[in-house]
Amino acid sequence: MSCSMPSSSIFTEPIMNNSGDPTESLENLLVQLENNGYESIPSFRIYLAAKPFIEKFEVNADVNQLDKFCRYLTWSLDQEKPEHSYIACGFQKKHLIAWIEHIKCISVNCLSSMSKLKPELQTDSKSLSIFLNTVVSLTCMRTWRITKHEQYKQLETGINNLTNNVYSYMITEGQFYESINELLQAGFTRPGKIFFTRTNLHALATLSNKSLLDSRFVTDLLLTKYVIYVISIPAYVHYVHSLCPDGLPDTLFSVLIDFLAVEGNLENCLIGKEICFIFSLLANLTDFGQYFPDLAEQIHPKFLNVLLKLLRFCEEELNISKKSHWHPILGWVSAPISLPYLNTVAVVRGQIEALWKPVYIQVCMAERKFYRTFDLPKPSAFSLRPNTFGLLPKTFGRKR
């Protein structure tokens, strides 16, 4: 996935001194930068030394060095002078293709490194901020200061295509949603507390949403991954809305419901999933809907059908005869309860209780009127057995 740049004289003539020993150690150069300042070494020398490091990067061995390199990289993106801008390294025509691949690899390496961090540790939390900042910067042209220079205005279209290609590569080749899932699970592991700063959680939410809100990226596969790896994480919607509500835009809610309402899509997301997963997805979608009551009412046939399906899946699971694990909300279930689910029980309970709030009562009571008004057939495939609406009240009424 390469990015075509406009032809320009700046590609034929080097914009910086190409001196630099390809055998230089990135580790040694980073030490020099720390001792003498980031402006002490031209960015092209750093690029030459960083190429082999990024190509051979190993998460378990090189995270600390990647952290130091990314600190320099994000600094360089904010520089207007070509000799200090890492972006300008790609303005030389003979290096363009290799540089683009290099930038893609940096984003994927940051992603894989983030998934192994423990956000509750202060050092890891700082590294998370650095890696997130790097990924966001590499996928957003607005953060590249050199593009504001009049000399490079003509490159704006090409650079914008490049950032889109970097993001596209990351979400298709870099196990993007799987890595985000590992990191979010690690940050939500203790009851009543999360280990993300507002900035970090906002960056994670925004990166996760971006592919779904842009027609250039969105596919059914990515939507399925988002449902499986993000929106089904216990209490995810509650935490994001509490810390950074703009990380959950109303357009995302519409996109998700439109996708899940299509016959077969929800079922595909639930293949092989246990009741805790289904219940968390139900809780998050319920929570999401209450933040946009007008929108929930507008799309309520689709939204209601998705909720009814999830309730039905929960009911079917609870009717399984062999149950040996105690779920604090649902009672006895067949599958073991993992730590993230146990530690978010109080929040998930509050999310589910939103089903008894006026917005949902109004949506449910309006169902008959809606189908009668628009002369639509009742979706019998989504109908619940008579005792389904009694399922959750009965569960909440149990002694704990």
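Residues numbered from 1 in each chain as written. Predicted model: local features only at pLDDT ≥ 70, side-chain atom pairs only at ≥ 80, totals over all residues. Heavy atoms only, no water.

J.: Can you help me understand helix H3 (residues 43-55) in this one?
T.: In an α-helix, one full turn covers 3.6 residues, which means residues spaced three or four apart are oriented alike. Between the first and last C-alpha of H3 there are 18 Å, a value that for 13 residues agrees with the 18 Å anticipated at 1.5 Å per step. Along its length, H3 reaches its greatest deviation from straightness, about 30°, at Ala49, and the proline Pro52 lies no more than four positions downstream. Where H3 is concerned, the buried positions are Ser43, Phe44, Ile46, Tyr47, Leu48, Ala49, Ala50, Phe53 and Ile54. Among the structural elements, helix H2 (26-36), helix H4 (59-77) and helix H5 (96-114) are those in contact with the buried residues of H3. (Helix = DSSP H or I, 4+ residues; strand = E, 2+ residues; numbered from the N terminus. Expected span 1.5 Å × (residues − 1). Bend = angle between axes of the 7 residues up to and from the residue. Buried < 20%, exposed > 50% of the residue type's maximum accessible area, 1.4 Å probe, protein only. Contact = heavy atoms within 4.5 Å.)

J.: Honestly, the side chain of Asn181 in this entry has me stumped. Any pointers?
T.: By the element assignment, Asn181 lies in helix H8 (residues 176-187). Not counting the four nearest positions on each side in its chain, Asn181 is found in contact with Ile228, Tyr229 and Ile233.

J.: I keep staring at the packing of H3 against H5 and nothing clicks. Help me out?
T.: Helix-helix packing is described using two parameters, namely the angle between the two axes and the distance between the axes. Following both chains from N to C, one finds H3 and H5 inclined at 55°, their axes separated by 10 Å at the closest point. The angle between H3 and H5 falls in the class oblique. Between H3 and H5 lies a crossing of left-handed hand. In contact with Tyr47, Ala50, Lys51 and Ile54 of H3, H5 contributes Ala98, Trp99, His102, Cys105, Ile106 and Asn109. (Axes fitted to C-alpha atoms, helices over the stretch in contact; angles between N-to-C directions. Parallel < 35°, antiparallel > 145°, perpendicular 65-115°, else oblique. Left-handed = near helix turned anticlockwise from the far one by under 90°.)

J.: Just checking my understanding: could you explain the nonpolar core for this structure?
T.: Here is a general trend for soluble globular proteins: nonpolar side chains tend to be buried in one another's company. In terms of nonpolar packing, the biggest core is built from 125 residues, with Phe69, Tyr86, Leu184, Ile231 and Tyr236 touching the most fellow members. Ignoring any residue separated from it by four or fewer positions in sequence, one finds Tyr86 in contact with Ser43, Ile46, Tyr47, Ala50, Phe69, Tyr72, Leu73, Ser76, Trp99, His102, Ile103 and Ile106. (Core = buried A, V, L, I, M, F, W, Y, C linked by side-chain atoms within 4.5 Å.)

J.: How should I be thinking about the confidence of the model for the protein in this particular structure?
T.: Residues shown with low pLDDT carry predicted positions that ought not to be read at fine detail. The predicted model of the protein has a mean per-residue pLDDT of 82, with 84% of residues at 70 or higher. Contacts for the low-pLDDT stretch residues 369-391, under 50 throughout, to residues beyond four places or in other chains number 33 contacts. Here residues 393-400 scores under 50 on pLDDT; set against residues more than four positions off or in separate chains, the count is 14 contacts. (pLDDT = per-residue confidence, 0-100.)

J.: Whenever I open this one, the packing of aromatic side chains confuses me. Can you help?
T.: Given two aromatic rings, their pairing is described by the distance between the two centres and the angle made by the two planes. One pass over the full model with this rule turns up 19 aromatic pairs. Plain terms: the ring middles of Tyr47 and Tyr86 are 6.1 Å apart, the flat faces sit at 80° to each other, and that makes the pair edge-to-face. Of this pair, Tyr47 sits in helix H3 while Tyr86 is found in the loop between H4 and H5, placing the two residues 39 residues apart along the sequence. One exposure class covers both Tyr47 and Tyr86, and it is buried. Pairing Phe188 with Phe196 gives two aromatic rings, centres 5.7 Å apart and planes at 90°, and the pair type is edge-to-face. An identical accessibility class is assigned to Phe188 and Phe196; each is buried. Ring pairs connect the aromatic residues Tyr38, Phe44, Tyr47, Phe69, Tyr72, Trp75 and Tyr86, which therefore count as one cluster. (Phe/Tyr/Trp six-rings, centres within 6.5 Å; stacked < 30°, edge-to-face > 60°.)

J.: I would appreciate a short explanation of the pattern of salt bridges in the present structure.
T.: Where charged atoms from two side chains of opposite charge approach closely, those side chains can pair. One pass over the full model with this rule turns up 11 salt bridges. Between Asp67 and Arg71 there is a salt bridge, and its shortest N-O distance comes to 2.6 Å. Of this pair, Asp67 and Arg71 both sit in helix H4, separated by four residues, roughly a single helical turn. For Asp67, a relative accessible area of 6% corresponds to the buried category. The partly exposed category is assigned to Arg71, whose relative accessible area is 35%. A salt bridge links Asp258 to Lys302; its shortest N-O distance comes to 3.0 Å. (Salt bridge = Lys/Arg side-chain N within 4 Å of Asp/Glu carboxyl O.)

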